[in-house]
Amino acid sequence: MQLISDLTLLDDLDAPKVAAGDAGGTRRVYIETYGCQMNVSDSEIVAAVLREHGYGLTQDPEAADVILLNTCAIRENAEQKVRRRLDVFRADITKRGRALTLGVLGCMAERLRHKLLEQEHLVDLVVGPDAYRDLPRLLDEAADTGQAAVNVHLSREETYADIAPVRYATNGVTAFVSIMRGCDNMCAFCVVPFTRGRERSRPVSSILSECARLVEQGYKEVTVLGQNVNSYRYEQDGTLVGFPELLDRISRLSPELRVRYSTSHPKDCSDELLHVHAERPNVCNYIHLPVQHGNTDVLRRMRRTYTREQYLDLIERARRICPTISFSTDIIAGFCGETEEEHRDTLSLLETVRYDHAYMFMYSERPDTYAARKYADDVPEAVKKRRLSEIIELQTGIALERNRAEIGRVVTVLVEGPSKRSEAQLSGRADNNKMVVFDRQDFRPGDYVHVRITDCTSATLIGEPLGKTTLAEQAARPAMV
Ligand code: 5AD
Ligand code: SF4
């Protein structure tokens, strides 16, 4: 049987996601989403704003009156991909004389608006991540004036708290809920604080009611999202709610609702939060905890605010408080000034922590960032590539060993749908976020199933289903997890 490889997973991260069609609306919008889960969640907000104003979604760009690309600027190749896509759409519009509005949303909006609009006349609409409420007006303006319409204003308040997202690409089982926006961390390599603005948290009550609605609709898992999700803090009437308390409160909405979150910063991973993982059976024992690098000097240059030792202490503490906790991470190879010895510290950190999964990238200089202004991007491309492939090779081996250790165990899988390769098989995630594939039998999406793991690759576990279960039953028999 062929299975998903680590590389496919990485590709998936950069592959565009297309909005499914729906029936409503007189004008048709085609949305293509690039980049992170936050962007996927934002596209659901965009769909909701547009639906209110009579726009329906289409899966077919040929049938669309409006084409929107929700863009990512995190690495140069993400940006180039969107540029190529815009060129394709623009060429088609010109060739066929189509009356169509082409727009750019999201992270590329602010920085590229001058280029896209003035130099290249490539798009009719440029809308930043905090201006989606303004989309209907901007679309009208572009149509009325024949001129490009722009709003790239970044807000200190906007959280879209009152907008119920249109979950157009849903499997009906898992959903994203955005709880904070922006980032104040200013890591030296990262463009996000510039493209998404200052950090702000969404009101507790609106998060809880969105999650409660999802439970009512039969969803079984929520992943709460933010650029720096565990720095969530919302103050109302003199009471402050931090991330651990929010997570605890979401988990109490239903014992059958699994709760995850992404993406977190080590500085905000408190013992209080780790205790919520340990004590709440439906808060998954999994943390995506980006380390970025294994050397303290590089971490200082990256402005990550922790040392290698502090990060390793945190991992140890987490494993003490919550012994079954699983980690994934992000790694950057070839950051400014990285020596061979510093690179080897990343390899040794991977060996020490033994992550279940990692997203691994070559450093790509981004305009306006601290690194772009202060440091030389001086590691040659060939060296960056070689270091990245050493990191990937090592981590793939570790992931395979970690997965092999699961063989013989029984895990609880929340079924998401058919496996990518075969309708005769189902796939879903175990509590530790590992993808598990098994024979369909009579199980359905939304079922919790006990699965005995019999085989694996570095990216997927393969197993035999033993029967349906519930999280409540799980909580009573924790040894099975
Ligand atoms: N170059 C390479 N990788 C980057 N990331 C963020 N900025 C850059 C950059 N300039 C990576 C980090 C981050 C993930 C989302 O993308 O590892 O955690
Ligand atoms: Fe970027 Fe750092 Fe903020 Fe993450 S924490 S979004 S890497 S600035």
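Note that the structure is a prediction, hence the values are computed from the model and not measured.

Draft legend 1. View of the overall build of the chain. Each helix and strand in the chain was counted, giving 15 helices and 22 strands. Summarising its shape, the C-alpha atoms of the chain cover approximately 65 × 55 × 55 Å along the three principal directions. Split into buried and exposed, the 481 residues of the chain put 56% on the buried side. Of all intrachain contacts in the chain linking residues separated by at least 6 positions in sequence, the fraction that spans at least 24 positions is 72%. Looking at the chain, you have 63 positive and 72 negative side-chain charges, and the mean spots of the two groups are 1 Å apart.

Draft legend 2. Quick look at the sheet that holds strand β14 (residues 258–262). Pairing is parallel across the open sheet formed by three strands, whose spatial order is β8-β11-β14. Pairing within the sheet leaves two strands with one partner each, and these edge strands are β8 (174–178) and β14. Each strand of the sheet is rotated relative to its neighbour by a mean of 25 degrees, with strand direction disregarded. Relative to strand β11 (residues 221–225), β8 is paired through five bridges, and the arrangement is parallel. The partner of Ala175 across the bridge, within β11, is Val222. Of the strands in this sheet, β8 and β11 are in contact with helix α7 (residues 204–216), which crosses β8 at around 170 degrees.

Draft legend 3. Fine view of the site of ligand 2. Surrounding ligand 2, one finds Cys183, Asn185, Met186, Cys187, Phe189, Cys190, Val192, Pro193, Gln227, His265 and Arg304. Among the residues forming the shell around ligand 2, the class breakdown is seven nonpolar, three polar and one charged.

Draft legend 4. Spotlight on the sheet that holds strand β17 (residues 357–362). Pairing is parallel across the open sheet formed by three strands, whose spatial order is β15-β16-β17. Each end of this open sheet is capped by a strand with a single partner; those strands are β15 (286–288) and β17. Adjacent strand axes in the sheet meet at a mean angle of 10 degrees when their direction is disregarded. With three bridges connecting them, β15 and strand β16 (residues 326–333) associate as parallel partners. What sits directly across from Tyr286, in β16, is Ser326. Along the sheet, helix α14 (residues 381–404) makes contact with β16 and β17, crossing β17 at roughly 175 degrees.

Draft legend 5. Representation of the packing of helix α12 (residues 340–353) against α14 within the structure. Put simply, α12 and α14 touch, their axes get as near as 10 Å, and they point 15 degrees apart. In terms of orientation, α12 lies roughly parallel with respect to α14. Crossing of α12 against α14: the hand is right-handed. Listed contacts from α14 to Glu340, His343, Thr346, Leu347, Leu350 and Glu351 of α12 are Arg386, Arg387, Glu390, Ile391, Leu394, Gln395 and Ile398. A class-by-class count of the residues in the contact of α12 with α14 yields five nonpolar, three polar and five charged.

Draft legend 6. Molecular detail of the packing of aromatic side chains. Inspection of every chain in the model, using the stated rule, returns nine aromatic pairs. Between Phe189 and Phe335, the ring centres sit 6.3 Å apart and the planes meet at 85 degrees, which makes this aromatic pair edge-to-face. One end of the pair, Phe189, is in the loop between β9 (180–181) and α6 (192–196); the other, Phe335, is in the loop between β16 and α12, with 146 residues separating them in the sequence. According to the relative accessible area criterion, Phe189 is buried, its value standing at 11%.

Draft legend 7. Up close: the domain arrangement of the chain. Under the domain assignment, the chain is made up of domain 1 (17–151), domain 2 (174–402) and domain 3 (410–476). If you average the C-alpha positions of domain 1 and of domain 3, the two centres end up 37 Å apart.

Draft legend 8. Layout of the environment of Val436. Its location among the elements puts Val436 in strand β20 (residues 435–439). Here Val436 falls in the buried class, since its relative accessible area comes to 0%. Residues Val436 and Ser419 lie 17 residues apart in sequence; the distance between their C-alpha atoms is 9.0 Å. Those residues within four positions of Val436 in sequence are excluded, and the remaining contacts are Val411, Val413, Leu426, Ser427, Gly428, Ala430, Val451, Ile453 and Leu461.

Draft legend 9. Spatial organisation of the packing of helix α9 (residues 271–279) against helix α11 (residues 308–321). Here α9 crosses α11 at 35 degrees, and the two axes come no closer than 9 Å. For the pair α9 and α11, the sense of crossing is right-handed. Facing Asp271, Leu274, His275 and Ala278 of α9, the residues of α11 in contact are Leu314, Arg317, Ala318 and Ile321. When grouped by side-chain class, the residues that make up the contact of α9 with α11 number five nonpolar, one polar and two charged.

Draft legend 10. How the structure looks around the nonpolar core. Counting residues in hydrophobic clusters, the biggest one holds 54 residues, and the most contacted among them are Ile179, Val224, Tyr232, Phe243, Leu247, Ile250 and Tyr311. Residues within four places of Tyr232 in sequence aside, it is in contact with Ile179, Met180, Ser201, Arg202, Pro203, Val204, Ile207, Val241, Gly242, Phe243 and Leu246.

Draft legend 11. Seen up close, the state of the cysteines. Counted under the stated rule, the structure contains zero disulfides. In this model Cys107 remains outside any disulfide bridge; the closest cysteine sulfur is found in Cys72, 6.3 Å from its own.

Draft legend 12. Quick peek at the environment of Ala358. Turning to its location among the elements, Ala358 is positioned in strand β17. Its relative accessible area of 3% is what places Ala358 among the buried residues. A C-alpha to C-alpha distance of 5.6 Å links Ala358 and Asp330, two positions 28 residues apart in sequence. Apart from residues lying up to four places away in sequence, Ala358 is in contact with Thr329 and Gln395.

What counts as what
Residues numbered from 1 in each chain as written. Chains lettered and ligands numbered in written order. Predicted model: local features only at pLDDT ≥ 70, side-chain atom pairs only at ≥ 80, totals over all residues. Heavy atoms only, no water. Helix = DSSP H or I, 4+ residues; strand = E, 2+ residues; numbered from the N terminus. Buried < 20%, exposed > 50% of the residue type's maximum accessible area, 1.4 Å probe, protein only. Contact = heavy atoms within 4.5 Å. Lys, Arg positive; Asp, Glu negative; His and termini not counted. Charge placed at Lys NZ, Arg CZ, Asp CG, Glu CD. Pairing = 2+ DSSP bridges. Axes fitted to C-alpha atoms, helices over the stretch in contact; angles between N-to-C directions. Near = heavy atom within 4 Å. Nonpolar A, V, L, I, M, F, W, Y, C, P; charged D, E, K, R; others polar. Parallel < 35°, antiparallel > 145°, perpendicular 65-115°, else oblique. Left-handed = near helix turned anticlockwise from the far one by under 90°. Phe/Tyr/Trp six-rings, centres within 6.5 Å; stacked < 30°, edge-to-face > 60°. Domains from an automatic or database assignment. Core = buried A, V, L, I, M, F, W, Y, C linked by side-chain atoms within 4.5 Å. Disulfide = S-S within 2.5 Å.

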